[in-house]
Amino acid sequence: MDQIRIRGGRRLSGRIPISGAKNAALALMPAALLTDEPLTLRNLPRLADVDTCSHLLNQLGVSTHVHGARPDDFGRVVTLRAGRITSTTAAYDIVRKMRASVLVMGPLLAREGEAIVSRPGGCAIGNRPIDLHLKALEALGARIELEGGYVRARAPQGLRGARIVFPSVSVGATENALMAAVLAKGTTVIENAAREPEIADLARCLVAMGARISGIGTERLEIEGVGRLHGATFRVMPDRIETGSYACAAAITGGEVELVGAERASLGATLTVLEEGGVVVADTPDGLKVTRADGLRPVTVATAPYPGFPTDMQAQLMALMTLAEGASLITETIFENRFMHVPELVRMGADITVKGRSAMVRGVDRLMGAPVMATDLRASMSLVIAGLAARGETVVRRVYHLDRGYERLEEKLQALGADIERTSEDD
Ligand code: EPZ
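This structure is a prediction, so every number in the text was calculated from the model and none was measured.

A. Quick peek at the layout of surface pockets. Of the pockets and cavities examined, the second largest pocket occupies roughly 230 Å³. If you trace the second largest pocket, you find 17 residues lining it, with Ile 252, Arg 292, Leu 323, Asp 365 and Ala 389 closest to the centre. By residue class, the composition of the lining of the second largest pocket is 7 nonpolar, 4 polar and 6 charged.

In structure tokens, the structure reads:
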């Protein structure tokens, strides 16, 4: 298995591109199932999760064509075409690898009237049920049966518009409901919809394909079902979590980094909290420039649905706060087990105490490099950020977690002057 070796202590400086958003791409790709015409996505990031999603769609009969990508390109242009759906089953072996596979359920139901999807099971950060997805699809007229670890959803007479009120906010359930509703007969209203920018990106793509959606970006979406959708060409939004992650990397090393293509508008509370912590973020003609005024300042923050501070930035912020001048209190309210980076950061000399859903992070003078283990995608990035500032060498094992969500991470960090390389474990 690959590992990443970092010799810390170098100030990062220079400019790197921000890639297309993983969590937008993983919803936009299944949208291709909604039409038999080609959907071309630009700025699609080269990520393991995007490849997994492509394989799943291929199994359903979707052709995927990558337009002439040069090896040093960031992002790709990919045309997906669901000319004919040849299967409506998303099998366990692929769903267990990537939970976002469940996002084929809504579009398959809308297009074919059937979706047989393995229940995703839990993952490292929590048990992650899909009850909210199923209730929404039932409200649209689907019959749901659970058998042998699979969900079988059927709507032989098609879906019909309904009023869906989510009892709690769910990104994926909102996306499944939205994609199911665009071809339903009649009007659907989704209340308490998640407002993550990736959902607005999906909605804008669906509108480009001929869907009728209003309230985009708000917690109340109204969808007027149409008979069919047509193809489109759509550019994936920049990744706000990758932006926040590299901002933490720049700040922890006291560097000066320009994030080309970064979009301030979609960052929400990420920016507010980082600026509270002493990070300085300035607009440039090409994106955002990140520096640090002087010392890092402690923050008190709880993760929350957008526009609150994102759970996907919690581990990266914690790494930054290990060197702040004072004590930070970071509370994780979305997932039940998203502090697995803590023991690894402590092994690097951080002073962190977890009590229930909160972590008290007392700033220390320095971190020490150490061999550490990645456990999930964002925890891995947290360890890389810490390793960039630590004295000595840090080796992060199981970096396949990183490859799920960060496009060519070590190349981007090398371009900023980091002493970082990817090796195989037995090196
Ligand atoms: C999306 O996951 C993201 N993944 C996650 O990013 C992100 O952490 C999460 O939203 C929250 O922002 C993608 O977009 C592919 P949820 P999702 O449904 O849709 C509970 C990353 O690192 N819930 O908003 O699965 C759930 O257990 C990944 O890029 C139910 O109880 O998140 C969680 O506690 C990790 N029942 C909370 O809601 C349901 O039916 C929020 O989950 C669905 C969710």
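B. Spatial organisation of the pattern of salt bridges. Under the defined criterion, the tally for this structure stands at 32 salt bridges. Asp 49 serves as the salt-bridge partner of Lys 22, at 4.0 Å between the closest nitrogen and oxygen. Note that Lys 22 is positioned in helix H1 (residues 22-28) and Asp 49 in helix H2 (residues 48-59), a separation of 27 residues in sequence. Accessibility assignment for this pair places Lys 22 and Asp 49 in one class, buried.

C. Expanded view of the site of the ligand. Lining the immediate environment of the ligand, one finds 20 residues, of which Asp 131, Leu 132, Ser 170, Asp 312 and Ile 334 sit closest. Residue Lys 22 places a side-chain N or O atom 2.9 Å away from an oxygen atom belonging to the ligand. Measuring from an oxygen atom of the ligand, one finds a side-chain N or O atom of Arg 338 at 3.2 Å. Considering the ligand on its own, with 830 Å² of exposed area, one finds that the protein chains cover 86% of that surface. Put simply, the parts of the chain that give the shell around the ligand at least two residues each are H1, helix H5 (131-139), helix H6 (171-181) and helix H12 (377-389). Broken down by element, the shell around the ligand gets its largest block of residues, 3 residues, from H5.

D. Here's a closer look at the environment of Arg 42. Tracing the backbone through its elements, the reader meets Arg 42 in strand S3 (residues 39-44). The class for Arg 42 is partly exposed, based on a relative accessible area of 39%. Counting along the chain gives 316 residues from Arg 42 to Ser 358, while the straight-line C-alpha distance between them is 39 Å. Once residues within four sequence positions are removed from consideration, Arg 42 is found in contact with Arg 76, Val 77, Thr 233, Phe 234, Arg 235 and Val 236.

Conventions we followed
- Residues numbered from 1 in each chain as written.
- Predicted model: local features only at pLDDT ≥ 70, side-chain atom pairs only at ≥ 80, totals over all residues.
- Heavy atoms only, no water.
- 1 Å grid on protein atoms, 1.4 Å probe; cavity = no way out; pocket = protein on both sides within 12 Å on 5 of 7 lines; lining within 4 Å.
- Points joined across faces, edges and corners; volume = space filled by probe spheres on them.
- Nonpolar A, V, L, I, M, F, W, Y, C, P; charged D, E, K, R; others polar.
- Salt bridge = Lys/Arg side-chain N within 4 Å of Asp/Glu carboxyl O.
- Helix = DSSP H or I, 4+ residues; strand = E, 2+ residues; numbered from the N terminus.
- Buried < 20%, exposed > 50% of the residue type's maximum accessible area, 1.4 Å probe, protein only.
- Near = heavy atom within 4 Å.
- Polar contact = N/O pair within 3.5 Å; in protein donor to acceptor, adjacent residues only side chain to side chain.
- Areas by Shrake-Rupley, 256 points an atom, 1.4 Å probe, with all protein chains shown as cover.
- Contact = heavy atoms within 4.5 Å.

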